[in-house]
Amino acid sequence: MQRDRLVATPERDVAPQYTMEQIVAVNPYNPDILPDLEAYVHEQVNHQTYSLDTNLCLLRLYQFEPSRMNIQIVARILVKALMALPAPDFNLCMFLIPEKLQMEEPFLTLITLAHFLETARFRDFWDEAERNRQILEVVPGFEQAIQRFALHVLSLSYQRLPRLVLAEAINMEGLSLDKFLEHQVVNNGWSVEKAPGGGQIIGLPANEHNYPELKKNIADSIPLEHVSKLFPVLT
Amino acid sequence: MAYESSSYGGGYDDSYEERPELRYGRDAEQQEPDYDTNFVPDAVQSFVVYLYRYIREKNVYEILQMYELNFQKLSERMFKQSPWPAAEAIAPYVDNDHVFCLLYRELWFRHVYARLTPTITQRMDSWDNYCSLFQIILHGNVNMQLPNQWLWDMIDEFIYQFQSFCQYRAKLKTKTEQELALLREYADVWNVYGVLNYLQALIEKSNIIQILEDDKDGGTNFTAQNGYDFQGGGSNVLKVLGYFSIVGLLRVHCLLGDYYCGLKCLLPIDIHQPGVYSNVVGCQITTVYYYVFANLMLRRYVEAIKACNQILLIIHKTKQDHQASSQFQQILKKNEQLYALLAICLSLCPQGKLVDETVNSQLREKQGEKMLRMQRNDEAVFDELFSFACPKFITPSPPNYDELVNYNQDAYRLQLKLFLSEVRQQQLLSSIRSYLKLYSAIPISKLASFMDVDEPTLRMALLTYKHKTHVLDYEGRIMSNADVDFYIDKDVVQIVDSKVTKRHGDYFIRHILKFEELIGVLESVQL
């Protein structure tokens, strides 16, 4: 097989202005870019950026040449993928990682964490995350990303919810939660009211999922006015 | 003709295991062949002479007849259990034409894969033949018009043989020393990089993505001419191979478990519109099958259901046209697999209204009982239908030849396991769904007691329902797949009244069309 003749030379040497995404787009099956992709995972971790396409490309190259697999980098990719929830990226990565590896740490822990998030067991998730700080804290922004996901799911579901439910989902309480709420009330249209039996009820801003009347009727049907235009041409 | 050899993909229980190479083990290689591949019977001589002539005359219609009918007939009559005469033996009758011999050899190997046991040497030679053929098409000046059917079969068979090789290599326990030595020595043969890069090179070199883009603006007429190029005196070969390679990449990516990238590769082809792919029935079914499967794995159930419904309707309407074709069995097989996929999708996302009445009644008949069991979270049924309907996943990397184990099921087991864990995460959803259908509002505590769980668990299940029924589309927008939707205000679940907006406009248009058609028929009646 004339592999060398078919694949373009990696652009990095000649044209450093290309982004990693562009390099992957023209070299989707080129093992030579593996080291660059690995470096790019570190860059994503350090700069709090994210690129699913380049990470999947790296996992694909590992799948083709398992001897080159770097377990630590795979773990980073998976943490980043968790942070991309609600997107299904974690599963997309898992489809490409050999089952044998998935039976080992840190992957077992990451799978448990993903399972808790996928089933909205936020309390369990935060407890488990606390116990495994060493895997997660190397990736800056992890906690905020999961809080963002929790808020996403809550705002799909609730108009108003008990403070306790919110506290559990985003793992905040006491003063820091008060501060957070204050900020949200001022900036993002949240509301806080007293519950009859004590405690607080938090009102989330309206979207088409928690206030379905906001849903635009996007049914792609043909309006009657258009049909009426047909009548003159009918015989 | 290709489908008896290359099944287009799925199912662990299907023809792959029944193929002669597995039935008879590998004894065949050791035997002295009792046929002479250098002897060219008259019928074969005239077959190659005419085929060669029609190719030179660019007579696509006659080429297709030779390819689809005559090759099949001769194989049936004279080469049921033996290979066709060697390319070297027929070469003198076709001016020793190099390209023709490559094409002939491609057919030759396909026939061996379909009816005999390919030896390791034949597998390797077939790879070399594809390399030579693709190199010439990519870098030479091929001036032919070949039927799209043939070009599709070429891509289809190329991937089939790759998949078959991966499965063959994964069964290390039964390999002979000689086979192991060959596998070790020629690691580049059927190498996954090679396969993917050939498909990618065909796409790039043919410029097909740009052509399809221009087609939309009317700049080119690739689709209108069904990929052929008669005016310019040009050739359709590279362009159409490039086009089918797009589908090829989708398929290879799915075999690797890389569904996201597979769908991304397919983007240049809009499967909601007819196109060159839909004029070759095998290609159309393959495309939609992998599209549906990838969407299922990405939890885009509504998209999967719509595409599944569409192709099942097409198969239903055109089935009788293919009855005589050698692909018929394969079409029926894919039909059953698609119904299994549809049953899975509808169990996870009961959007029955997306399914046409004809398809629905077939579905009830074939999978009705299993669907009921899936609604009751019977995991064994999910397992069974998935295993029946999934593609034949492969492990692309060469194994460790010092450890003689079979690992041919590894890739399949991983995909199954991940799918079942998804099913498990959704197991409370179908009972939530059934309760929500009964109420317009229900307190969380009451619903929790109905479902026999505590309140926090129910709150989590409700959030899970929301999360699992809302997916991101290609542009990153949140799309709801939910058939029953709700919101929670404090401690009460409010169920959203899901009145279906009546589509009067569509209804009138449909009937206007029907009426027009009827008038047309009436006017053409000669009294």
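Small disclaimer: the values here were computed from a predicted structure and weren't measured.

A. How the structure looks around the overall build of chain B. Helix and strand content of chain B: 24 helices and five strands. Here the C-alpha radius of gyration of chain B, 26 Å, is about what a compact globule of 527 residues would show, namely 24 Å. Along the first, second and third principal axes, the C-alpha atoms of chain B reach 85 × 75 × 40 Å. In chain B, which comprises 527 residues, the share counted as buried stands at 57%. The contacts in chain B between residues at least 6 apart in sequence include a share of 76% that link residues at least 24 apart. Of the roughly 22300 Å² that chain B leaves accessible, carbon and sulfur atoms contribute 51%.

B. Just the side chain of A:Asp89, in detail. Turning to its location among the elements, A:Asp89 is positioned in helix α6 (residues 89–94). Buried A:Asp89, no salt bridge; nearest opposite-charge side chain is B:Arg300, N-O distance 8.0 Å. With residues up to four places along the chain from it excluded, the contact list for A:Asp89 reads A:Tyr50, A:Leu52, A:Ala81 and A:Ala84.

C. Expanded view of the UniProt feature "domain: PCI" (unreviewed entry) in chain A. UniProt records the feature "domain: PCI" (unreviewed entry) at residues 50–208 of chain A, using the numbering of this structure. Spanning residues 50–208 of chain A, this segment combines 64% helix with 8% strand, and its end C-alpha atoms are found 28 Å apart.

D. Examining helix α4 (residues 42–57) of chain B more closely. Residues and elements named next belong to chain B. A rise of 1.5 Å per residue sets the reference length of α4, with its 16 residues, at 22 Å; its end C-alpha atoms lie 22 Å apart and thus fit the reference within 8%. Those residues of α4 not exposed but buried are Val44, Phe47, Val48, Leu51, Tyr52, Tyr54 and Ile55. All buried residues of α4 fall inside an arc of 165 degrees around its axis, so they share one side. Those residues of α4 that are exposed and aimed more than 90 degrees away from the buried face are Asp42 and Arg56. Contacts from the buried residues of α4 go to α5 (60–78), α6 (87–90), α7 (98–115) and α9 (148–169).

E. Region of the structure containing the packing of helix α12 (residues 163–170) of chain A against helix α13 (residues 174–188) of chain A. Residues and elements named next belong to chain A. Their axes nearest at 12 Å, the elements α12 and α13 cross at an angle of 100 degrees. In terms of axis orientation, α12 runs roughly perpendicular to α13. Packed against α12, whose contacting residues are Arg163, Leu166, Ala167 and Ile170, the element α13 presents Gly174, Leu177, Asp178, Phe180 and Leu181 at the interface.

F. Summary view of the sheet that holds strand β1 (residues 441–443) of chain B. One open sheet accounts for six strands, arranged β2(A)-β3(A)-β1(A)-β4(B)-β5(B)-β1(B); its pairing is mixed. Edge strands, defined here as strands with exactly one partner in the open sheet, are β2 (191–194) of chain A together with β1 of chain B. Between one strand axis and the next, the sheet turns through 25 degrees on average, direction left out of account. Across four bridges, the pairing between β2(A) and strand β3 (residues 200–203) of chain A is antiparallel. The partner of A:Glu193 across the bridge, within β3(A), is A:Ile201. Running over the sheet, helix α11 (residues 142–157) of chain A touches β1 (158–162) of chain A together with β4 (486–489) of chain B and is turned about 115 degrees from β1(A). Packed onto the sheet, α12(A) meets β1 and β3 of chain A and runs at close to 95 degrees relative to β1(A).

G. Local environment of the pattern of salt bridges. The full count for this structure, using the stated rule, is 35 salt bridges over all chains. Across the pair A:Glu118 and B:Lys468 runs a salt bridge, and its minimum N-O distance is 2.5 Å. Residue A:Glu118 is found in helix α8 (residues 107–118), and its partner B:Lys468 is found in helix α23 (residues 455–469); the two belong to separate chains. The partner of B:Glu76 in a salt bridge is B:Arg115, with the nearest N and O atoms 3.2 Å apart. Here B:Glu76 is found in helix α5, whereas its partner B:Arg115 is found in helix α7, with 39 residues between them in sequence. With relative accessibility at 37%, the residue B:Glu76 sits in the partly exposed group. Here the residues in one salt-bridge network are A:Glu118, B:Arg299, B:Glu422 and B:Lys468, joined through shared partners.

H. Fine view of unusual backbone geometry. Residue A:Pro86 follows A:Leu85 across a cis peptide bond; omega there is 10 degrees. Take A:Pro86: it is sitting in the loop between α5 (71–83) and α6. A cis amide bond, omega 5 degrees, links A:Glu105 with the succeeding residue A:Pro106. Structurally, the position occupied by A:Pro106 is in the loop between α7 (99–102) and α8. Phi at B:Asn96 takes a positive value of approximately 50 degrees, unusual for a residue other than glycine. Residue position: B:Asn96 is located in the loop between α6 and α7. Even without being glycine, B:Asn207 reaches a positive phi, approximately 60 degrees. Locating B:Asn207 in the fold gives a position in the loop between α11 (192–206) and α12 (208–216).

I. The arrangement of the interface of chain B and chain A in detail. Contacts between chain B and chain A engage 64 residues on the former and 63 residues on the latter. Here chain B and chain A share an interface that buries about 5900 Å² over both sides, 62% of which is from carbon and sulfur atoms. Connecting chain B to chain A are six salt bridges. A salt bridge links B:Asp258 to A:Arg60, with the nearest nitrogen and oxygen atoms 3.0 Å apart. Our count for the chain B to chain A interface comes out at 23 residue pairs in polar contact (both at pLDDT 80 or more). At nine residues, the largest contribution of residues to the side of chain B that touches chain A is made by α11(B). Tallied by class, the residues present in the side of chain B that touches chain A amount to 30 nonpolar, 16 polar and 18 charged.

J. Here's a closer look at the pairing of β1(A). Among the five residues in β1(A), four count as buried, and that is most of the element. Judged from the two bridges that link them, β1(A) and β4(B) form a sheet pairing that is parallel. Pairing of A:Tyr158 across the sheet is with B:Ile488, part of β4(B). Relative to β3(A), β1(A) is paired through three bridges, and the arrangement is antiparallel. Each residue of the ladder has a partner; that of A:Pro162, found in β3(A), is A:Ile201.

K. Just the packing of aromatic side chains, in detail. Residues and elements named next belong to chain B. Using the criterion set out here, one finds 37 aromatic pairs over all chains in the structure. Arranged with centres 6.4 Å apart and planes meeting at 80 degrees, the rings of Tyr113 and Tyr160 form a pair that is edge-to-face. Of this pair, Tyr113 sits in helix α7 while Tyr160 is found in helix α9, placing the two residues 47 residues apart along the sequence. Like Tyr160, Tyr113 is buried. Where Tyr465 meets Phe486, the ring centres are 5.6 Å apart and the plane angle is 50 degrees; that geometry is what we call tilted. Taken together, the residues Tyr465 in helix α23 and Phe486 in strand β4 connect sequence positions 21 residues apart. Across the pair, exposure class does not vary: Tyr465 and Phe486 are buried alike. In this structure, Arg123 packs its charged tip against the face of Tyr168, placed 4.2 Å from the ring centre.

L. Quick peek at the environment of B:Leu385. Residues and elements named next belong to chain B. Relative to the helices and strands, Leu385 is located in helix α19 (residues 379–389). For Leu385, a relative accessible area of 2% gives the class buried. It is 39 Å that separates the C-alpha atoms of Leu385 and Ile211, two residues lying 174 residues apart in sequence. Discounting chain neighbours no more than four positions away, the residues touching Leu385 are Ala340, Ala343, Ile344, Gln367, Lys370 and Met374.

M. Examining helix α21 (residues 429–436) of chain B more closely. All names here are of chain B. Along α21, the residues classified as buried are Leu429, Ser430, Ile432, Arg433 and Leu436. For α21, the angular spread of the buried residues around the axis is 160 degrees, confining them to a single face. Buried positions along α21 lie against α17 (328–348), α18 (357–375), α22 (444–451), α23, β4 and β5 (492–495).

So, how was this worked out
Residues numbered from 1 in each chain as written. Chains lettered and ligands numbered in written order. Predicted model: local features only at pLDDT ≥ 70, side-chain atom pairs only at ≥ 80, totals over all residues. Heavy atoms only, no water. Helix = DSSP H or I, 4+ residues; strand = E, 2+ residues; numbered from the N terminus. Rg over C-alpha atoms; globule rule 2.2 N^0.38 Å. Buried < 20%, exposed > 50% of the residue type's maximum accessible area, 1.4 Å probe, protein only. Contact = heavy atoms within 4.5 Å. Areas by Shrake-Rupley, 256 points an atom, 1.4 Å probe, with all protein chains shown as cover. Lys, Arg positive; Asp, Glu negative; His and termini not counted. Salt bridge = Lys/Arg side-chain N within 4 Å of Asp/Glu carboxyl O. UniProt positions renumbered as here; feature names shortened; annotations may be inferred. Expected span 1.5 Å × (residues − 1). Arc of directions from axis to C-beta. Axes fitted to C-alpha atoms, helices over the stretch in contact; angles between N-to-C directions. Parallel < 35°, antiparallel > 145°, perpendicular 65-115°, else oblique. Pairing = 2+ DSSP bridges. Buried area = accessible area lost by both parts, 1.4 Å probe. Polar contact = N/O pair within 3.5 Å; in protein donor to acceptor, adjacent residues only side chain to side chain. Nonpolar A, V, L, I, M, F, W, Y, C, P; charged D, E, K, R; others polar. Phe/Tyr/Trp six-rings, centres within 6.5 Å; stacked < 30°, edge-to-face > 60°. Lys NZ or Arg CZ within 6 Å of the ring centre and 35° of its normal.

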